[in-house]
Amino acid sequence: MKNTVFIATSLDGYIADKEGGIDWLHAIENPTNDDMGFHQQMANTDALVMGRNTFETVIGFDCPWPYNKPVFVISHTLKEVPEALADKVFIVSGLLDDILDEIHQQGHKNLYIDGGLTIQSFLKEDLIDELIITTIPVLLGGGISLFAGLEKPLKFKNTRSERFLGCIVQNHFVRDRSEY
């Protein structure tokens, strides 16, 4: 079982700008439509876990539903999903360990964790095994930070770095649970 984060940040560590926007993700031209490992990540994923804010952002995109894997939305306020997604998106709530048990019992072992608050919650509970962070060379100067509120340091090892489009860097980290 593995919980993986696959996300892009600005150089200064934000996942959204001061208005919550993500248009800056497309600041670098991508004439070859390089997916920067997204399809490979999805091939290694059984299901996605995201928060309500991320879910609402995704359904607001002007495109068909982008995931062909089950999506579990953590929310205490969302009660239903659009009818067209009823067999693709499932609302869950409660303690993260209980949510993970429920998802694992359905046969989903390799999870893609998405959304700022959701990722932060998983990190606070030390439930992230792998971080794949793609850094877009843009300084936002504020916005929604990827990392916040950890009570203790979490140690990771860099296992790979890749460069895309001559300026985007993607780092792969795995959780190092050895003692300091």
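Residues numbered from 1 in each chain as written. Predicted model: local features only at pLDDT ≥ 70, side-chain atom pairs only at ≥ 80, totals over all residues. Heavy atoms only, no water.

## Quick look at the nonpolar core
Now for step 1: In this structure, Val 49, Ile 113 and Phe 122 are the most contacted members of the largest nonpolar core, which totals 23 residues.
Now for step 2: When residues of this core are traced back to their parent elements, those giving at least two are β1 (2-10), β3 (47-51), β4 (71-74), α3 (96-105), β6 (110-114), α4 (116-124) and β7 (130-136).
Now for step 3: No other element matches α3, which puts four residues into this core.
Now for step 4: Counting 16 residues, the second-largest nonpolar core is a separate cluster that includes Leu 48, Phe 55, Leu 78 and Ile 132. (Core = buried A, V, L, I, M, F, W, Y, C linked by side-chain atoms within 4.5 Å. Buried < 20%, exposed > 50% of the residue type's maximum accessible area, 1.4 Å probe, protein only. Helix = DSSP H or I, 4+ residues; strand = E, 2+ residues; numbered from the N terminus.)

## Section: the side chain of Gln 41
Now for step 1: Position of Gln 41 among the secondary structure elements: in helix α1 (residues 38-43).
Now for step 2: The class for Gln 41 is buried, based on a relative accessible area of 8%.
Now for step 3: Ignoring sequence-local partners within four residues, the contact set of Gln 41 consists of Thr 4, Phe 6, Tyr 112 and Ile 132. (Contact = heavy atoms within 4.5 Å.)

## A short note on the environment of Leu 78
Now for step 1: Relative to the helices and strands, Leu 78 resides in the loop between β4 and β5 (89-92).
Now for step 2: When its relative accessible area of 15% is taken as the criterion, Leu 78 is described as buried.
Now for step 3: A C-alpha to C-alpha distance of 9.3 Å links Leu 78 and Val 92, two positions 14 residues apart in sequence.
Now for step 4: With residues up to four places along the chain from it excluded, the contact list for Leu 78 reads Arg 52, Phe 55, Glu 56, Val 73 and Ile 91.

## Let's talk about a negative patch on the surface
Now for step 1: A grouping of Asp 97, Asp 98, Asp 101, Glu 102, Glu 125 and Glu 151 is seen on the molecular surface, where their side chains present a negatively charged patch.
Now for step 2: The residue Asp 97 is located in helix α3 in this model. (Patch = residues over 30% accessible without salt bridge, like charges linked within 9 Å, V, L, I, M, F, W, Y side chains within 5 Å. Areas by Shrake-Rupley, 256 points an atom, 1.4 Å probe, with all protein chains shown as cover. Salt bridge = Lys/Arg side-chain N within 4 Å of Asp/Glu carboxyl O. Lys, Arg positive; Asp, Glu negative; His and termini not counted. Charge placed at Lys NZ, Arg CZ, Asp CG, Glu CD.)

## Quick word on the pairing of β6
Now for step 1: Among the five residues in β6, four count as buried, and that is most of the element.
Now for step 2: The pairing of β3 with β6 spans four bridges and is classified as parallel. Residue pairing for β6: Leu 48 is matched across the bridge by Tyr 112. (Pairing = 2+ DSSP bridges.)

## Quick word on the pattern of salt bridges
Now for step 1: For the structure shown, the criterion picks out seven salt bridges.
Now for step 2: Arg 52 is the salt-bridge partner of Glu 56, the closest N and O atoms lying 3.0 Å from each other. A residue pair is termed a helical-turn pair when its members lie 3 or 4 positions apart in one helix, as Glu 56 and Arg 52 do in helix α2 (residues 52-59) at four residues.
Now for step 3: Given the relative accessible area of 36%, Glu 56 is considered partly exposed.
Now for step 4: In this structure, Lys 155 and Asp 176 form a salt bridge, with 3.5 Å as the shortest nitrogen-oxygen distance. Of the two residues, Lys 155 is situated in the loop between β8 (144-145) and β9 (156-164) and Asp 176 in the segment after β10 (168-175); the sequence distance between them amounts to 21 residues.
Now for step 5: Take Lys 155: its relative accessible area is 28%, and that puts it in the partly exposed class.

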